[in-house]
Amino acid sequence: MKSCGSMLGLWGQRLPAAWVLLLLPFLPLLLLAVPAPHRASYKPVIVVHGLFDSSYSFRHLLEYINETHPGTVVTVLDLFDGRESLRPLWEQVQGFREAVVPIMAKAPQGVHLICYSQGGLVCRALLSVMDDHNVDSFISLSSPQMGQYGDTDYLKWLFPTSMRSNLYRICYSPWGQEFSICNYWHDPHHDDLYLNASSFLALINGERDHPNATVWRKNFLRVGHLVLIGGPDDGVITPWQSSFFGFYDANETVLEMEEQLVYLRDSFGLKTLLARGAIVRCPMAGISHTAWHSNRTLYETCIEPWLS
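Residues numbered from 1 in each chain as written. Predicted model: local features only at pLDDT ≥ 70, side-chain atom pairs only at ≥ 80, totals over all residues. Heavy atoms only, no water.

You'll find the chain entered in an unreviewed UniProt entry as Lysosomal thioesterase PPT2, with Macaca fascicularis given as the organism. In its Catalytic activity (unreviewed entry) section, the UniProt entry covering the chain states "S-hexadecanoyl-N-acetylcysteamine + H2O = N-acetylcysteamine + hexadecanoate + H(+)". For the record of the chain, the UniProt heading Subcellular location (unreviewed entry) holds the text "Lysosome". (UniProt positions renumbered as here; feature names shortened; annotations may be inferred.)

## Digging into the state of the cysteines
This structure, assessed with the given rule, holds three disulfides. Each disulfide pairs two cysteine sulfurs, and for Cys115 the partner residue is Cys123, the sulfurs being separated by 2.0 Å. Judged by the sign of its S-S torsion, about -85 degrees, the cystine formed by Cys115 and Cys123 is left-handed. For the pair Cys115 and Cys123, one class covers both residues: buried. Sequence-ordered numbering of the disulfide-bonded cysteines in the chain gives the connectivity 1-2, 3-4, 5-6. (Disulfide = S-S within 2.5 Å. Buried < 20%, exposed > 50% of the residue type's maximum accessible area, 1.4 Å probe, protein only.)

## Here's the deal with the packing of helix H5 (residues 89-105) against helix H6 (residues 118-129)
At a minimum axis distance of 9 Å, the contact between H5 and H6 shows a crossing angle of 65 degrees. By the angle between their axes, H5 is roughly perpendicular relative to H6. Considering how the two elements wind past one another, H5 and H6 form a crossing that is right-handed. Residues Leu89, Trp90, Gln92, Val93, Phe96 and Arg97 of H5 lie in contact with H6, whose contacting residues are Gln118, Leu121, Val122, Ala125, Leu126 and Val129. (Axes fitted to C-alpha atoms, helices over the stretch in contact; angles between N-to-C directions. Helix = DSSP H or I, 4+ residues; strand = E, 2+ residues; numbered from the N terminus. Parallel < 35°, antiparallel > 145°, perpendicular 65-115°, else oblique. Left-handed = near helix turned anticlockwise from the far one by under 90°. Contact = heavy atoms within 4.5 Å.)

## A short note on empty space enclosed by the protein
Unfilled space is identified by rolling a water-sized probe across the atoms. For the structure shown, the criterion picks out three cavities of 30 Å³ or more. Volume-wise, the second largest cavity comes out at about 50 Å³. Looking at the second largest cavity, the residues that line it are Ser128, Leu203, Ile204, Asn205, Gly206, His210, Ala213, Trp216, Arg217, Ser267 and Phe268. Residue assignment for the lining of the second largest cavity shows that the elements contributing at least two residues are helix H11 (201-204) and helix H12 (213-220). (1 Å grid on protein atoms, 1.4 Å probe; cavity = no way out; pocket = protein on both sides within 12 Å on 5 of 7 lines; lining within 4 Å. Points joined across faces, edges and corners; volume = space filled by probe spheres on them.)

## Some words on the side chain of Asp266
Examined against the element boundaries, Asp266 turns out to sit in the loop between helix H13 (261-264) and helix H14 (270-275). Classification of Asp266 by relative accessible area gives buried; the value is 13%. Only 2.6 Å separates the side chain of Asp266 from the side chain of Arg217, close enough to count as a polar contact. With near-sequence residues (within four places) excluded, Asp266 lies in contact with Arg217, Leu261, Lys271 and Thr272. (Polar contact = N/O pair within 3.5 Å; in protein donor to acceptor, adjacent residues only side chain to side chain.)

## Details of the nonpolar core
Across soluble globular proteins, you tend to see nonpolar side chains buried next to one another. If you look at the biggest cluster of nonpolar residues, it comprises 61 residues, and the most contacted ones within it are Leu113, Val135, Phe138, Leu226, Phe245, Leu270 and Leu273. Considering every element that reaches this core, the biggest residue donor is H6, with seven residues. One finds Tyr116, Ile139, Leu141 and Val227 within the second-largest nonpolar core, a separate group that totals 23 residues. (Core = buried A, V, L, I, M, F, W, Y, C linked by side-chain atoms within 4.5 Å.)

Listed below in structure tokens is the structure:
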């Protein structure tokens, strides 16, 4: 297609100079008629909520994305809300999988996952079990990726007679594993029981042998970037370094990600991701657990740069 300038040149050769002068006032309209270069649209964003949450909790995050990345298709999945978020995590993974498949199918360039708290574990399992996922950035927002070992209000409400020191008696039973919280309860003082009883976290961590381990690791490594967000003032995730794949040893000393066996053995791909520069850690102080998805500074610092 000829440019507007070349079109005017041809007309100048064919028309008297006076006619060219008459056409000059219409030049802006002619320029508008030339198609502008196509600007690539932003990849769709899928948001997965945490324990006792619903899509309403993410209204501020939705506003931020719409302001900074107008036109982005954002889907806050409205599944397993409220008390339904206590359902076993594998059941939730299946439900969320059915919801994300059609979104991914319509986005050949890839999608972004923003997954908050318990939702971060749901999303990590999704990355493991989906052979053809196209996740560009998996943003884990204050999620207990290496498990939880702390007395929180949630636990006191669910198990009022139990403290963290003896909660393993409930969580590491078949009955306890029917609650999502117990699926990632990680008692550093009862490691053998955890490895034998955990029906979720020990499996996606590759800490226990299972026939899908190799395939799950391969699937997980399809992700473009793993963005880990958390901080010391969270108040719920315990230890807070679990958001960065750190966790307690038997003496309740926190070992960072690079000191964890799952990293050293590269059980599900952490070491490989770090080696290729695909892991981003974004610690932020001064943010409580329920404020991660509504803090504008956190969004601009840790989330927005990865929403390509």
